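Descriptive analysis of the structure
Single-letter residue listing:
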Amino acid sequence: MKTLTFGLALAMLATQTLAQQTLSLASPIPDGAETRFCYYKGLAYSPDSFIVIFGDNTVTETINTREERLLRCVSNDKGNMHWKPQSTFQVGR
């Protein structure tokens, strides 16, 4: 009975190890995706998509502005997609 239990435990461990190896080799991003989409914070955006990024731009203790950047998903010369700045807004506080 001990041999059967030990053999079953080894078989389950081997199956689990194989499944973990398969998952570690699997990529969440398909091959060639960089030529079809732009990525930001884990999301894929199609060509000509726009996003707005907000952030604080603190230059000195006396100057503190809020910066907003408008980015567009475009293709470069090699065919890869990337974000291209369209405009930047600075709003003083």
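Okay, so let's go over this structure. Being a predicted model, the structure only gives us computed values, none of them experimental. Within every chain, residues take consecutive numbers counted from 1 along the sequence as written. Where local features are concerned, this predicted model is filtered to residues with pLDDT of at least 70; where side-chain atom pairs are given and counted, the filter is 80 or more; whole-chain, interface and lining totals use all residues. Just so you know, side-chain values use all the structure's heavy atoms and leave hydrogens and water out.

Disulfides are defined as pairs of cysteine sulfur atoms found within 2.5 Å of each other. Summed over all chains, the structure comprises 1 disulfide. A sulfur-sulfur distance of 2.1 Å marks the disulfide that ties Cys 38 to Cys 73. Here Cys 38 and Cys 73 share a disulfide; its torsion about the S-S bond, 90°, makes the bridge right-handed. With Cys 38 in strand E1 (residues 38-40) and Cys 73 in strand E4 (residues 64-75), this residue pair connects regions lying 35 residues apart in the sequence. Residues Cys 38 and Cys 73 agree in their burial class; the two are buried. A run of H or I in DSSP becomes a helix once it reaches four residues, and a run of E becomes a strand once it reaches two; helices and strands are each numbered from the N terminus. Accessibility here uses a 1.4 Å probe with only protein chains present; expressed as a share of the type maximum, an area under 20% marks a residue as buried, one over 50% as exposed, and anything in between as partly exposed.

To continue, consider the packing of aromatic side chains. In this analysis, rings of Phe, Tyr and Trp, with Trp reduced to its six-membered ring, are considered paired at centre separations within 6.5 Å, and the interplanar angle assigns stacked below 30 degrees, edge-to-face beyond 60, and tilted for intermediate values. Counted by the stated rule, this structure contains 1 aromatic pair. Centroid distance Tyr 45 to Trp 83: 5.5 Å. Interplanar angle 70°. Geometry classified as edge-to-face. With Tyr 45 in strand E2 (residues 43-45) and Trp 83 in strand E5 (residues 81-92), this pair connects stretches of sequence that are 38 residues apart. A relative accessible area of 18% means that Trp 83 is categorised as buried.

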